[in-house]
There are 2 protein chains.
Amino acid sequence: MAQKLSTPDTNQTDLDQRKASILEAVVAEHVDTAQPVGSTSVAQNAKLEVSPATVRSEMVTLERQGYLAQPHTSAGRVPTDKGYRYFVDHLKSGKLGTAKQQQLSDFFATVRGEVEDVLEQTSMMLTQLTNYTSVVLGGSSSNAPIVSVQLVNLDAHHQLLVTVFSDGTVLKHSVFVDFEAEHTDVAEASKQLNALLHGTTISDRVQVPSRQDDVATMVRESVAVLHAEQPTREGEQVFITGSSKVAESIDGVDNVRNVLALLEQELVVVSMIEEVLAEHVAVKIGSENQLEPLASCAVIVAPVTIEGETIGAVGLLGPTRIKYSELMATTRSVSEHLTKHFEGDR
Amino acid sequence: MAQKLSTPDTNQTDLDQRKASILEAVVAEHVDTAQPVGSTSVAQNAKLEVSPATVRSEMVTLERQGYLAQPHTSAGRVPTDKGYRYFVDHLKSGKLGTAKQQQLSDFFATVRGEVEDVLEQTSMMLTQLTNYTSVVLGGSSSNAPIVSVQLVNLDAHHQLLVTVFSDGTVLKHSVFVDFEAEHTDVAEASKQLNALLHGTTISDRVQVPSRQDDVATMVRESVAVLHAEQPTREGEQVFITGSSKVAESIDGVDNVRNVLALLEQELVVVSMIEEVLAEHVAVKIGSENQLEPLASCAVIVAPVTIEGETIGAVGLLGPTRIKYSELMATTRSVSEHLTKHFEGDR
DNA sequence: TCTTAGCACTCGGTAGAATTGACTGCTAGT
DNA sequence: ACTAGCAGTCAATTCTACCGAGTGCTAAGA
């Protein structure tokens, strides 16, 4: 940082051919070995026909420009977050191994059941496929229209409101009243609720009866409790699997602890992934993540869309030292399969 | 309170007063410091008026009997699982600090919402209170009678069966038919299902119509899919919180990984806890656990019962080096609060 | 017989010195 | 512009010596 003379490097996002190759070689080897990479192995490994000395001087430049870093003076180089970023941005989109491709196809060919189950199993399969923590997000039910509403008597003062959405989501809410509800009144309220809410979404406001009798009260209570549902969050379906992989892929006990603690807060995970989605980025590397604990992690995200609308997402969490090409391809492929799967349902 | 008085035991299960005190002192100090405990500190700490030399010779005996172990020749002693077991069995049931007592009361005074939410929040609060991983189990819905069944049309070939149980549990199942279902037929099937299943439990078999028309087919399908539900497992509600605490309380990366991996398998956790419940034991220590990965863990379990019937459980997972007295009291207290909470609902 | 003081012994942990080896940066020569 | 060669740096490793916590044993006292 002290002296920077001839090259105003802030903006140049392109490296010449040779530097790019060197950077790529460093990333490749470091991902593989988890060790700092020295000039000799780069000179051999990258098929540049130059001597280590030349590589060294290039590396000095790369380090000045912030793509590489040295753990200590006499060690090899390690890619910085910026280095990984360059690597990822200039990655020609990788292909998935046919074995894995097959495995994925098989999985999606045989999987069935409720949406939740499919999402959860997808997450598990992604974890199993990659050996990293996987997150699968299902869209919130706030947008789906209501297909059916039913008020069920549990006991005199306590009813259960069961709401079914067109996408198959079911929500339940307790409703309490301070009078003793008659069975017939509950049935009537149920009927009225159905008439009132059928076809609306949870964010639509509806006209409720203002009468003061028991039935009207129950209807009002029910609508209120349903609309109190947080449209963005509560309905979200989040499936996080393979948290234990964190322990083996991230190093440093503290790091592990922090990441695990973060993964326990579903809301945080959801908003993190949504944020990445919003930026239309596929990968967040290390410090690019806003969240402190993820400073040593890479997050890969792929959206699940139907007709241009994002209804979910597939995410993968690992260390920055990760096989980007392969894992991005895997994640993308899973999200595509999911998309197709749900399109087929329509 | 929950003392065990039976077990004649093959080995001599009783230690003389002095040995017991020494064992207790070793446990106490080791729990506190995580270090092997030497004869001198025991001699001082336990209010025995004997010299370290005497303590040493007693310790030799205790080691022969399997209550203590030496990490290496010139180190102090550490309690074995058997040692902890003796300690726990002879523990006079501890009291809960008033601060925590208050915190618990406050929590249960203010908590409300669906059963699931209460259970989950309870688990979170237990984690927060103890700094260990907590598990809360809600009983399966298999025993509760069905209050309402509804078949909802999602699209022509695809219906959703929504079942409400008297305890407020809601289950949903997809039903597929190979004809195009009429709305009126679905409504009729729904009505018949209600008549058929109302008041039964999931494990009751019912007489289904054998006719071949659409309505009867849907009824048959629905009943089949509902009864296919695993009575013991699927309905279980499991809430595991604070997995990240594993990383800070258990040592050895491998250990951490294994325990975390185990915690991800809800079924395994459930059956493990149910097993402990079945044995009417409050604590499982180290190798007493059947599960390999828990060899270095202690599990504390307390049942939640209503009218003598076990409807759930509260569990705590930590290292064997744990404050048994306090944590057993806490766990028991939480389970009692939960019991009271649900009794109040009835 | 039980207890205790004393003593020799064991062995993990730590601290320091020496060595190794994987790198680098620099320079001078092609 | 490239490269060979060289001196320098520093983490990691090994070795040594040593400390100290804690033991087991023994012999003497109650």
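Since the structure is predicted, the reported quantities are computational estimates derived from the model, not experimental observations. (Residues numbered from 1 in each chain as written. Chains lettered and ligands numbered in written order. Predicted model: local features only at pLDDT ≥ 70, side-chain atom pairs only at ≥ 80, totals over all residues. Heavy atoms only, no water.)

Draft legend 1. Representation of the protein's contact with DNA strand D within the structure. Looking at DNA strand D, there are 20 residues lining it, with Ser-51, Thr-54 and Ser-74 of chain A together with Ser-39 and Arg-77 of chain B nearest. For DNA strand D, the fraction of atoms within 4 Å of the protein that belong to sugar or phosphate moieties is 76%. At 3.0 Å, a backbone N or O of Ser-51 of chain A approaches a phosphate oxygen of DNA strand D. Contact distances for DNA strand D include 2.6 Å between a phosphate oxygen and a side-chain N or O atom of Thr-54 of chain A. Counting only elements with at least two residues in the surface near DNA strand D, the list comes to α3 (52-64) of chain A together with α3 (52-64) of chain B. Among the residues making up the surface near DNA strand D, the classes are represented as four nonpolar, 11 polar and five charged. (Near = heavy atom within 4 Å. Polar contact = N/O pair within 3.5 Å; in protein donor to acceptor, adjacent residues only side chain to side chain. Helix = DSSP H or I, 4+ residues; strand = E, 2+ residues; numbered from the N terminus. Nonpolar A, V, L, I, M, F, W, Y, C, P; charged D, E, K, R; others polar.)

Draft legend 2. Fine view of the sheet that holds strand β4 (residues 146-155) of chain A. Residue and element names in this part refer to chain A. With respect to topology, three strands assemble into an open sheet ordered β4-β5-β6, the strand pairing being antiparallel. Only two strands of the sheet have a single neighbouring strand rather than two, namely β4 and β6 (170-176). The average undirected angle you get between the axes of adjacent strands in this sheet is 20°. As judged from the eight bridges shared by β4 and strand β5 (residues 158-165), these two strands associate in the antiparallel manner. Opposite Ser-148, over in β5, you have Val-164 as the bridge partner. (Pairing = 2+ DSSP bridges. Axes fitted to C-alpha atoms, helices over the stretch in contact; angles between N-to-C directions.)

Draft legend 3. Representation of the pattern of salt bridges. The tally for this structure, following the rule as stated, stands at 22 salt bridges over all chains. A salt bridge links Asp-89 of chain A to Arg-85 of chain A, with the shortest nitrogen-to-oxygen separation between them at 3.2 Å. Remark: Arg-85 of chain A and Asp-89 of chain A occur in helix α4 (residues 81-89); sequence separation between them is four residues, near one turn of the helix. Classification of Arg-85 of chain A by relative accessible area gives buried; the value is 18%. The salt bridge involving Arg-211 of chain B is made with Asp-213 of chain B; its shortest N-O contact spans 2.8 Å. Here the residues in one salt-bridge network are Asp-16, Arg-18, Lys-19 and Glu-58 of chain A, joined through shared partners. (Salt bridge = Lys/Arg side-chain N within 4 Å of Asp/Glu carboxyl O. Buried < 20%, exposed > 50% of the residue type's maximum accessible area, 1.4 Å probe, protein only.)

Draft legend 4. Here's a closer look at the protein's contact with DNA strand C. What surrounds DNA strand C is a group of 21 residues, the closest being Ser-39 and Arg-77 of chain A together with Arg-18, Thr-54 and Ser-74 of chain B. Contact distances for DNA strand C include 3.1 Å between a base oxygen and a side-chain N or O atom of Arg-56 of chain A. Between a base oxygen of DNA strand C and a side-chain N or O atom of Ser-74 of chain B, the distance comes to 3.2 Å. When contributions to the surface near DNA strand C are tallied by element, the ones reaching two or more residues are α3 of chain A together with α3 of chain B. The residue makeup of the surface near DNA strand C, split by class, is five nonpolar, 11 polar and five charged.

Draft legend 5. Seen up close, the interface of chain B and chain A. Contacts between chain B and chain A engage 33 residues on the former and 33 residues on the latter. Between chain B and chain A the total buried area reaches about 2,600 Å² when both faces are included, carbon and sulfur atoms providing 55% of it. Connecting chain B to chain A are four salt bridges. Between Arg-257 of chain A and Glu-248 of chain B there is a salt bridge whose closest N-O contact spans 2.5 Å. Where chain B touches chain A, the interface holds 16 residue pairs in polar contact (both at pLDDT 80 or more). Of all the secondary-structure elements, those providing two or more residues to the side of chain B that touches chain A are β4 (146-155), β5 (158-165), β6 (170-176), α9 (244-249) and α10 (253-264) of chain B. Sorting elements by how many residues they give to the side of chain B that touches chain A places β4 of chain B first, with seven residues. Of the residues assigned to the side of chain B that touches chain A, the class counts are 13 nonpolar, 11 polar and nine charged. (Contact = heavy atoms within 4.5 Å. Buried area = accessible area lost by both parts, 1.4 Å probe.)

Draft legend 6. The sheet that holds strand β8 (residues 283-285) of chain B, seen in detail. Residue and element names in this part refer to chain B. Pairing within the open sheet is antiparallel, and its five strands lie in the order β7-β3-β10-β9-β8. Because the sheet does not close on itself, it has two edges, and the strands there are β7 (237-241) and β8. Recorded for the sheet is a direction-independent mean angle of 15° between the axes of neighbouring strands. With five bridges joining them, strand β3 (residues 133-138) and β7 adopt antiparallel strand pairing. Note that in β7 the partner of Gly-138 across the bridge is Gln-237.

Draft legend 7. Quick peek at the relation of the copies chain B and chain A. Mapping chain B onto chain A leaves a residual RMSD of 0.2 Å; the transformation is a rotation of 180° accompanied by 0.0 Å of translation along its axis. Those values place the two copies in the arrangement expected of a two-fold rotation axis. Most of the interface of chain B is mirrored in chain A, where 100% of its interface residues again form contacts. (Least-squares fit on C-alpha atoms with pLDDT ≥ 70 in both.)

Draft legend 8. Inspection of the environment of Val-206 of chain A at higher detail. Residues and elements named next belong to chain A. Examined against the element boundaries, Val-206 turns out to sit in the loop between α7 (183-197) and α8 (214-227). When its relative accessible area of 21% is taken as the criterion, Val-206 is described as partly exposed. Sequence separation between Val-206 and Leu-196 is 10 residues; the distance between their C-alpha atoms is 7.3 Å.

Draft legend 9. Highlighting the packing of helix α10 (residues 253-264) of chain A against helix α11 (residues 266-278) of chain A. All names here are of chain A. Between α10 and α11, whose axes approach to 5 Å, the crossing angle comes to 90°. With respect to their mutual orientation, α10 and α11 come out roughly perpendicular. Along the contact surface, α10 presents Leu-262, Leu-263 and Glu-264, while α11 presents Glu-266, Val-268 and Val-269. Considered class by class, the residues forming the contact of α10 with α11 number four nonpolar, no polar and two charged. (Parallel < 35°, antiparallel > 145°, perpendicular 65-115°, else oblique.)

Draft legend 10. View of the domain arrangement of chain A. Residues and elements named next belong to chain A. Segmentation of chain A into domains returns domain 1 (17-89), domain 2 (98-139 + 236-345) and domain 3 (142-227). Computed over C-alpha atoms, the centres of domain 1 and domain 2 are 29 Å apart. Across the contact, nine residues belong to domain 1 and 13 residues belong to domain 2. Across the domain 1 to domain 2 interface the summed buried area is about 910 Å²; carbon plus sulfur atoms make up 62%. (Domains from an automatic or database assignment.)

Draft legend 11. Focus on the nonpolar core. Counting 52 residues, the largest nonpolar core has Ile-22, Val-42, Tyr-324 and Leu-338 of chain B as its most contacted members. Of the domains in this structure, domain 1 (17-89) and domain 2 (98-139 + 236-345) of chain B are the two that each give at least three residues to this core. Apart from residues lying up to four places away in sequence, Ile-22 of chain B is in contact with Val-42, Leu-48, Val-55, Glu-58, Met-59 and Leu-62 of chain B. Counting 51 residues, the second-largest nonpolar core is a separate cluster that includes Tyr-86, Tyr-132, Val-304 and Val-334 of chain A. (Core = buried A, V, L, I, M, F, W, Y, C linked by side-chain atoms within 4.5 Å.)

Draft legend 12. Structural view of unusual backbone geometry. Residue and element names in this part refer to chain B. With phi around 65°, Asn-131 is a residue other than glycine that occupies positive phi space. By the element assignment, Asn-131 lies in the loop between α6 (115-130) and β3. Look at Asn-131 and you get partly exposed, because its relative accessible area is 39%. The residue Glu-307 is not glycine, and still its phi comes out positive at about 50°. Tracing the sequence through the fold places Glu-307 in the loop between β9 (297-306) and β10 (309-319).

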